[in-house]
Amino acid sequence: MEARVSAWRPAVPGIAEVFHARFTTHAYPLHTHDTWTLLIVDDGVIRYDLDRHHHGALGPAVTLLPPNVAHDGRAATSHGFRKRVLYLDAPVLGEDLIGAAVDRPSLADGLLRTRIHQLHESLADAGDAFEAESRLVLVADRLRTHLGRPAAHEPKRGLADELRDLLDAKLPEAMTLAEAADTLGAHPAYLVRCFGARFGLPPHRYLTGRRVDRARRLLLDGTPAADVATAAGFTDQAHLTRHFKRYLGTTPARYSKPR
């Protein structure tokens, strides 16, 4: 089977590159990165050496390769493999955790793998950058816990209310999680933990719901469906339609169709 590769740099702080690939015969030579390599395998099995020790990467597990540590990679069978990779800037996890990752690069954590899959899905749409930022925070927090450095502080309720008020005030204007954190003087990871503990959902999901609500009101006010996307804070009509159907089970055009 012919190799297939897709790579891009998203507008999400902390993610240097997204890389999706399907390989059958390609073998990576020994090399290093200056980033963390966060890998999930969707099909097949990968064999690799890390710091002169043999390892394998397969579907149920998450593989985390630390920066500046030599590794290679190749298919374990003639079937090849299909993988999705995030290259994370070194400060996302911190270089002090490199040793722990060398000791245990394979993480059997179903929730973590699901969160990484959800992060990849949000990265596929440039309009979901706020969601991707929030999902990256959740992924990084869980990785730090695996590596022996869990979150140190309990969330403060007041900060979550401040973030909600800020998101409401900025609608429909786009805002990044980094900008919100800078405005409120808090670390992005801490903001997401606070918000989830206070309201029971992550800030990106709250924001999307508020945008869908705004779109509903505009549609019921008679605004043409083609004009609602930008007015509600979505990047384009397809972005609005995807989230609108997810929340309401129908398209914006059908929702506002006269009876």
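Refer to the structure printed above.
Residues numbered from 1 in each chain as written. Predicted model: local features only at pLDDT ≥ 70, side-chain atom pairs only at ≥ 80, totals over all residues. Heavy atoms only, no water.

**Description of the overall build of the protein chain**
Okay, so step 1: Helices and strands together make up the secondary structure of the protein chain, namely 10 helices and nine strands.
Okay, so step 2: Principal-axis analysis of the C-alpha atoms gives the protein chain an extent of 65 × 45 × 25 Å.
Okay, so step 3: Taken across its 259 residues, the protein chain has 46% of its residues classed as buried.
Okay, so step 4: Taking all contacts inside the protein chain whose residues are at least 6 apart in sequence as the whole, residues at least 24 apart take part in 71%.
Okay, so step 5: Carbon and sulfur atoms make up 51% of the accessible area of the protein chain, which amounts to about 12,800 Å² in all.
Okay, so step 6: Each charge class in the protein chain can be summarised by its mean position, and for the 34 positive and 31 negative side chains these summaries are 7 Å apart. (Helix = DSSP H or I, 4+ residues; strand = E, 2+ residues; numbered from the N terminus. Buried < 20%, exposed > 50% of the residue type's maximum accessible area, 1.4 Å probe, protein only. Contact = heavy atoms within 4.5 Å. Areas by Shrake-Rupley, 256 points an atom, 1.4 Å probe, with all protein chains shown as cover. Lys, Arg positive; Asp, Glu negative; His and termini not counted. Charge placed at Lys NZ, Arg CZ, Asp CG, Glu CD.)

**Brief notes about the packing of helix H2 (residues 110-123) against helix H3 (residues 129-146)**
Okay, so step 1: Relative to each other, H2 and H3 sit at 155 degrees, their axes nearing to 9 Å. With respect to each other, H2 and H3 are oriented roughly antiparallel. Remark: the crossing between H2 and H3 carries left-handed chirality. Counted together, Leu 111, Leu 112, Arg 115, Ile 116, Gln 118, Leu 119, Ser 122 and Leu 123 of H2 and Glu 131, Ala 132, Arg 135, Leu 136, Leu 138, Val 139, Arg 142, Leu 143 and His 146 of H3 form the full contact between these two elements. (Axes fitted to C-alpha atoms, helices over the stretch in contact; angles between N-to-C directions. Parallel < 35°, antiparallel > 145°, perpendicular 65-115°, else oblique. Left-handed = near helix turned anticlockwise from the far one by under 90°.)

**Looking at the nonpolar core**
Okay, so step 1: Formed by 42 residues in total, the largest nonpolar core has its most connected members in Ile 15, Trp 36, Leu 38, Leu 86, Leu 88, Leu 123 and Leu 143.
Okay, so step 2: Looking at this core element by element, the count peaks at eight residues for strand E4 (residues 35-50).
Okay, so step 3: Ranked by size, the runner-up nonpolar core spans 21 residues in total, among them Ala 160, Leu 166, Met 175 and Ala 189. (Core = buried A, V, L, I, M, F, W, Y, C linked by side-chain atoms within 4.5 Å.)

**Quick look at helix H6 (residues 188-199)**
Okay, so step 1: The end-to-end C-alpha distance of H6 is 16 Å, a good match for the 16 Å that 12 residues give at a rise of 1.5 Å each.
Okay, so step 2: Taken together, the buried positions of H6 are Ala 189, Tyr 190, Leu 191, Val 192, Cys 194 and Phe 195.
Okay, so step 3: Following H6 by one or two positions, Gly 200 has its phi on the positive side, about 80 degrees. (Expected span 1.5 Å × (residues − 1).)

**Focus on the pattern of salt bridges**
Okay, so step 1: Applying the stated criterion to the full structure yields 18 salt bridges.
Okay, so step 2: The salt bridge involving Asp 72 is made with Arg 74; its shortest N-O contact spans 3.0 Å.
Okay, so step 3: Salt-bridge contacts for Arg 135 lead to Glu 131; the nearest nitrogen and oxygen are separated by 2.9 Å. Here Arg 135 pairs with Glu 131, and both are found in helix H3, just four residues apart, close to one helical turn.
Okay, so step 4: Under the relative-accessibility criterion, Arg 135 is labelled buried at 7%.
Okay, so step 5: Its relative accessible area of 9% is what places Glu 131 among the buried residues. (Salt bridge = Lys/Arg side-chain N within 4 Å of Asp/Glu carboxyl O.)

**Thoughts on the side chain of Thr 37**
Okay, so step 1: In this fold, Thr 37 is placed in strand E4.
Okay, so step 2: With near-sequence residues (within four places) excluded, Thr 37 lies in contact with Thr 63, Leu 64, Leu 65, Val 85, Leu 86 and Tyr 87.

**Notes on the environment of Pro 67**
Okay, so step 1: Its place among the elements puts Pro 67 in the loop between strand E6 (62-65) and strand E7 (71-75).
Okay, so step 2: A residue is classified by how much of its surface remains accessible, and Pro 67, at 0% relative accessible area, is buried.
Okay, so step 3: In this structure, the C-alpha to C-alpha distance between Pro 67 and Thr 32, residues 35 residues apart in sequence, is 6.9 Å.

**Some points on unusual backbone geometry**
Okay, so step 1: For the peptide bond that leads from Leu 171 to Pro 172, omega is 0 degrees, which places it in the cis range.
Okay, so step 2: Tracing the backbone through its elements, the reader meets Pro 172 in the loop between helix H4 (157-170) and helix H5 (177-184).
Okay, so step 3: If you check the backbone angles, Asp 51 has positive phi at about 50 degrees while not being a glycine.
Okay, so step 4: Assignment of secondary structure puts Asp 51 in the loop between E4 and strand E5 (53-58).
Okay, so step 5: Since its relative accessible area comes to 28%, Asp 51 is described here as partly exposed.

**What about H2?**
Okay, so step 1: Over its 14 residues, H2 extends 20 Å from the first C-alpha to the last, a length consistent with the 20 Å expected when each residue adds 1.5 Å.
Okay, so step 2: Among all positions in H2, only Leu 112, Arg 113, Ile 116, Leu 119, His 120, Ser 122 and Leu 123 are buried.
Okay, so step 3: Where H2 begins, the capping side chain belongs to Asp 109, and its oxygen is found 3.1 Å from the backbone nitrogen of Leu 111. (Polar contact = N/O pair within 3.5 Å; in protein donor to acceptor, adjacent residues only side chain to side chain.)

**Things to note about the packing of aromatic side chains**
Okay, so step 1: Counting across every chain of the model gives five aromatic pairs.
Okay, so step 2: Ring centres of Phe 23 and Tyr 28 lie 6.0 Å apart, and the angle between their planes is 80 degrees; on these two criteria the pair is classed as edge-to-face.
Okay, so step 3: Relative to Phe 199, the ring of Phe 195 lies with its centre 4.8 Å away and its plane at 55 degrees, an arrangement referred to as tilted. Here Phe 195 and its partner Phe 199 are both found in helix H6, four residues apart, which amounts to about one turn of the helix.
Okay, so step 4: For Phe 195, a relative accessible area of 0% gives the class buried.
Okay, so step 5: Phe 199 sits in the partly exposed class, given a relative accessible area of 24%. (Phe/Tyr/Trp six-rings, centres within 6.5 Å; stacked < 30°, edge-to-face > 60°.)

Everything listed here is a matter of geometry and, on its own, says nothing about what the molecule does.
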